[in-house]
Amino acid sequence: GAVVSQHPSWVICKSGTSVKIECRSLDFQATTMFWYRQFPKQSLMLMATSNEGSKATYEQGVEKDKFLINHASLTLSTLTVTSAHPEDSSFYICSAPGQGYEAFFGQGTRLTVV
Amino acid sequence: AQKITQTQPGMFVQEKEAVTLDCTYDTSDPSYGLFWYKQPSSGEMIFLIYQGSYDQQNATEGRYSLNFQKARKSANLVISASQLGDSAMYFCAMRSPPNTGNQFYFGTGTSLTVIP
């Protein structure tokens, strides 16, 4: 089946630095990628939707200047957390829709900002 | 607006017994998809089962079955013959139609613990 590969699976960074998370669709073309954030013991919350070749659409309350999303090709979407702070520590996961209702999730990235 | 409700924050089940995880949803779309995902401590989202809004039969996938009651807008997950490896978070989700955004709406999840 289709696979979305997400890297890194975990990252620890210092406060004030930036972190880039990549999601690659390995055997299909993903024109759309959804980015979610999940705090401990909570549900997945949609942050933004990236579309290949156009600007990402951000959900209300998500700072677009802080969470930079780039969808440069049909197989790669990236989320960059800029000037990360401890409150940005969370689990980030991407998902690409397939045909119809199916969807393929990345493995997730556990970000810890110290 | 779409909404998914899971009223059971935590559930316990004896190994080899069956367990039902509740899920209700709200949408004005006539077409939608309902999903259940399992999320172990590693964080990955594991697809379990899918039910389309127009499907007449309840979906089944091995030990998983979805009790779809459209009029009540409920989509409960039934896990039969529980195993220790079933201990995880379980999320009910609804997908809007591909031509209206195609995004998932997740419930708050149910933490299932299987007792030996």
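Look a little higher up for the structure.
Keep in mind it's a predicted model, so treat the numbers as computed, not measured.

Student: For this particular structure, what's the right way to read the interface of chain B and chain A?
Tutor: Quoted interface sizes are often the accessible area lost when the parts come together. Counting from both sides, the interface comprises 24 residues of chain B and, opposite them, 19 residues of chain A. Between chain B and chain A, a total of about 1,500 Å² is buried, with carbon and sulfur atoms accounting for 57% of that surface. Across the contact surface, chain B and chain A share 0 salt bridges. Counting the contacts that link chain B with chain A gives 3 residue pairs in polar contact (both at pLDDT 80 or more). Contributing elements (two or more residues each) for the side of chain B that touches chain A: β5 (33-39), β10 (88-95) and β11 (104-106) of chain B. Element by element, the count of residues in the side of chain B that touches chain A is highest for β5(B), at 4 residues.

Student: What exactly am I supposed to notice about a nonpolar patch on the surface here?
Tutor: Together, W10(A), I12(A) and V114(A) line one region of the surface with nonpolar side chains, adding up to about 370 Å² of accessible area. Locating V114(A) in the fold gives a position in the segment after β11 (109-113).

Student: Looking at this structure, I do not really get the side chain of Q6(B). What am I missing?
Tutor: Residues and elements named next belong to chain B. Summarising the element assignment, Q6 is placed in the loop between β1 (3-5) and β2 (10-14). At a separation of 3.0 Å, a polar atom in the side chain of Q6 contacts the main-chain amide nitrogen of C92. Here the side chain of Q6 touches G109 through a polar contact of 3.1 Å, landing on its backbone nitrogen. Setting aside residues up to four positions removed in sequence, Q6 forms contacts with D22, W36, Y90, F91, C92, G107, T108, G109 and T110.

Student: Help me understand the pattern of salt bridges in this model?
Tutor: If charged atoms from side chains of opposite charge come close, those side chains can pair. By the definition in use, this model includes 4 salt bridges over all chains. Across the pair E22(A) and R24(A) runs a salt bridge, and its minimum N-O distance is 3.5 Å. For the salt bridge of D26(B) with K73(B), the shortest nitrogen-to-oxygen distance reads 3.4 Å. Of this pair, D26(B) sits in strand β4 (residues 24-26) while K73(B) sits in the loop between β8 (64-69) and β9 (74-79); the two residues are 47 residues apart in sequence, bridging distant segments of the chain. A relative accessible area of 29% places K73(B) in the partly exposed class.

Student: For this particular structure, what's the right way to read the pairing of β2(B)?
Tutor: Taken residue by residue, a regular strand's side chains alternate between the two faces of the sheet. Residues and elements named next belong to chain B. What you see with β2 is a clean split: M11 and V13 sit on the buried side and G10, F12 and Q14 on the side with no burial. Where β2 lies against strand β12 (residues 110-115), 5 bridges are found, and the strand directions are parallel. If you follow F12 over to β12, its bridge partner there is T113.

Student: Before we go on, may I ask you to explain the packing of aromatic side chains in this structure?
Tutor: Geometry of an aromatic ring pair is reported as the spacing of the ring centres plus the angle between the planes. Residues and elements named next belong to chain A. Under the definition given, this model contains 17 aromatic pairs over all chains. Look at F67 and Y92: their rings are 6.3 Å apart centre to centre, the planes differ by 40°, and that puts the pair in the tilted class. Linking F67 in strand β7 (residues 67-73) with Y92 in strand β9 (residues 90-97), this pair joins segments that are 25 residues apart in sequence. Here F67 falls in the buried class, since its relative accessible area comes to 3%.

Student: Got a minute to help me understand the environment of Q51(B) in this structure?
Tutor: Residues and elements named next belong to chain B. Tracing the backbone through its elements, the reader meets Q51 in strand β6 (residues 46-52). Since its relative accessible area comes to 0%, Q51 is described here as buried. Expressed as a C-alpha distance, the spacing of Q51 and M94, which sit 43 residues apart in the sequence, is 9.6 Å. One polar contact links the side chain of Q51 to the main-chain amide nitrogen of A59, over a distance of 2.8 Å.

Student: I tried to follow the sheet that holds strand β8 (residues 76-81) of chain A on my own but got confused; where do I start?
Tutor: Whether parallel or antiparallel, the strands of a sheet pair through hydrogen bonds between backbone atoms. All names here are of chain A. Overall, antiparallel pairing links the 4 strands, which are arranged β1-β3-β8-β7 in an open sheet. Across the chains shown, the open sheet's two edge strands, defined by having one partner strand only, are β1 (4-7) and β7. Taking the axes of each pair of neighbouring strands and ignoring which way they run, one obtains an average angle of 15° across the sheet.

Student: I tried to follow the nonpolar core on my own but got confused; where do I start?
Tutor: Inside soluble globular proteins, nonpolar side chains tend to come together where they are buried. If you look at the biggest cluster of nonpolar residues, it comprises 26 residues, and the most contacted ones within it are W35(A), F67(A) and L111(A). Counting only elements with at least two residues in this core, the list comes to β2 (10-13), β3 (19-25), β4 (32-38), β5 (45-51), β7, β8, β9 and β11 of chain A. Excluding anything up to four places from it in sequence, L111(A) contacts V11(A), C13(A), V19(A), V81(A), D88(A), S89(A), S90(A) and Y92(A). L66(B), M94(B), L112(B) and V114(B) belong to the second largest nonpolar core, which has 25 residues in total.

Thresholds, definitions, all that
Residues numbered from 1 in each chain as written. Chains lettered and ligands numbered in written order. Predicted model: local features only at pLDDT ≥ 70, side-chain atom pairs only at ≥ 80, totals over all residues. Heavy atoms only, no water. Contact = heavy atoms within 4.5 Å. Buried area = accessible area lost by both parts, 1.4 Å probe. Salt bridge = Lys/Arg side-chain N within 4 Å of Asp/Glu carboxyl O. Polar contact = N/O pair within 3.5 Å; in protein donor to acceptor, adjacent residues only side chain to side chain. Helix = DSSP H or I, 4+ residues; strand = E, 2+ residues; numbered from the N terminus. Patch = residues over 30% accessible without salt bridge, like charges linked within 9 Å, V, L, I, M, F, W, Y side chains within 5 Å. Areas by Shrake-Rupley, 256 points an atom, 1.4 Å probe, with all protein chains shown as cover. Buried < 20%, exposed > 50% of the residue type's maximum accessible area, 1.4 Å probe, protein only. Pairing = 2+ DSSP bridges. Phe/Tyr/Trp six-rings, centres within 6.5 Å; stacked < 30°, edge-to-face > 60°. Axes fitted to C-alpha atoms, helices over the stretch in contact; angles between N-to-C directions. Core = buried A, V, L, I, M, F, W, Y, C linked by side-chain atoms within 4.5 Å.

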